[in-house]
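# Topology and contacts: notes
Listed below are the residues making up each chain.
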Amino acid sequence: IKLFGKLDNINIVELGGGYGGQCKIIHDVCTPKSYTLIDLPDALALSKKCLNLWGVSNVNFCDKDTVEKENKQYDLFISNYAFTEIPREEQAFYANTTIKHSTRGYITCNFVKTWFTNDDRFGRKELLALNPTYKTLPETPLTYPNNFVYTWGT
């Protein structure tokens, strides 16, 4: 909300929604037009269960195949670590199907070097090149050296 203002009546997409916690908190304080969670099938099953228990509706649950078919425009893209923790091929796919279709975005970036080699996923320069209007912010609290927050459209 500090970066983008009230999130009412906008289309939000979150990559790596996990159990749906961020989706729930956003719905507690705002009324998005739509909220799309993208994750692996098992994580989507968990988020569906949790969000249902919490009474959160108006959520689309998408795996990779569903995202590709939707080809939708979004007002806000969110990813807390997931985008920077998946292989390059997956990053390129989501960059083309969601990030480039989002007018604003927020990515918490994690560059733990032991998970992938530099060739296995986007480096910092490639990430920053995704949107010419980007800004970077410090990750607070810092959970790992060199982590940061990447935003655009703020």
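Let me begin by describing the structure that accompanies this report. (Residues numbered from 1 in each chain as written. Predicted model: local features only at pLDDT ≥ 70, side-chain atom pairs only at ≥ 80, totals over all residues. Heavy atoms only, no water.)

### A closer look at the sheet that holds strand β2 (residues 34-38)
Pairing within the open sheet is mixed, and its seven strands lie in the order β3-β2-β1-β4-β5-β7-β6. Since the sheet does not close on itself, it has two edges, and those belong to β3 (59-62) and β6 (135-138), each with one partner. This sheet shows a mean twist of 20° between the axes of neighbouring strands, independent of strand direction. On top of the sheet, helix α1 (residues 21-29) reaches β1 (11-15), β2, β3 and β4 (76-80); it is set at about 170° to β2, its chief contact. (Pairing = 2+ DSSP bridges. Helix = DSSP H or I, 4+ residues; strand = E, 2+ residues; numbered from the N terminus. Axes fitted to C-alpha atoms, helices over the stretch in contact; angles between N-to-C directions. Contact = heavy atoms within 4.5 Å.)

### A few points about the nonpolar core
Ranked by size, the top nonpolar core spans 24 residues in total, and within it L15, F83, I107, L127, L130 and Y150 carry the most contacts. Listing elements by their share of this core, those giving two or more residues are β1, α4 (82-85), α5 (88-97), β5 (105-109), α6 (124-128) and β7 (148-152). Apart from residues lying up to four places away in sequence, I107 is in contact with F77, S79, F83, T84, I99, L127, F148, V149, Y150 and W152. Among the nonpolar cores identified, the runner-up in size contains 15 residues, and I10, L37, V56 and L76 belong to it. (Core = buried A, V, L, I, M, F, W, Y, C linked by side-chain atoms within 4.5 Å. Buried < 20%, exposed > 50% of the residue type's maximum accessible area, 1.4 Å probe, protein only.)

### Concerning the side chain of T36
Within the secondary structure layout, T36 lies in strand β2. A polar contact is formed between the side chain of T36 and the side chain of N60, at a distance of 3.3 Å. (Polar contact = N/O pair within 3.5 Å; in protein donor to acceptor, adjacent residues only side chain to side chain.)

### Comments concerning the packing of aromatic side chains
One pass over the structure, following the stated rule, counts six aromatic pairs. Aromatic side chains F77 and W152 sit 6.2 Å apart centroid to centroid with 25° between the ring planes, which places their arrangement in the stacked category. Taken together, the residues F77 in strand β4 and W152 in strand β7 connect sequence positions 75 residues apart. Each member of the pair, F77 together with W152, is buried. Consider the rings of Y150 and W152, whose centres lie 5.6 Å apart with planes at 55°: the pair is tilted. Each member of the pair, Y150 together with W152, is buried. (Phe/Tyr/Trp six-rings, centres within 6.5 Å; stacked < 30°, edge-to-face > 60°.)

### Regarding the environment of L40
With respect to the element layout, L40 can be found in the loop between β2 and α2 (41-53). The class of L40 is exposed, set by a relative accessible area of 61%. Separated by 15 residues in sequence, L40 and I25 place their C-alpha atoms 21 Å apart.

### Observations concerning the side chain of N131
One can find N131 in the loop between α6 and β6. Residue class for N131 comes out buried when judged on its relative accessible area of 14%.

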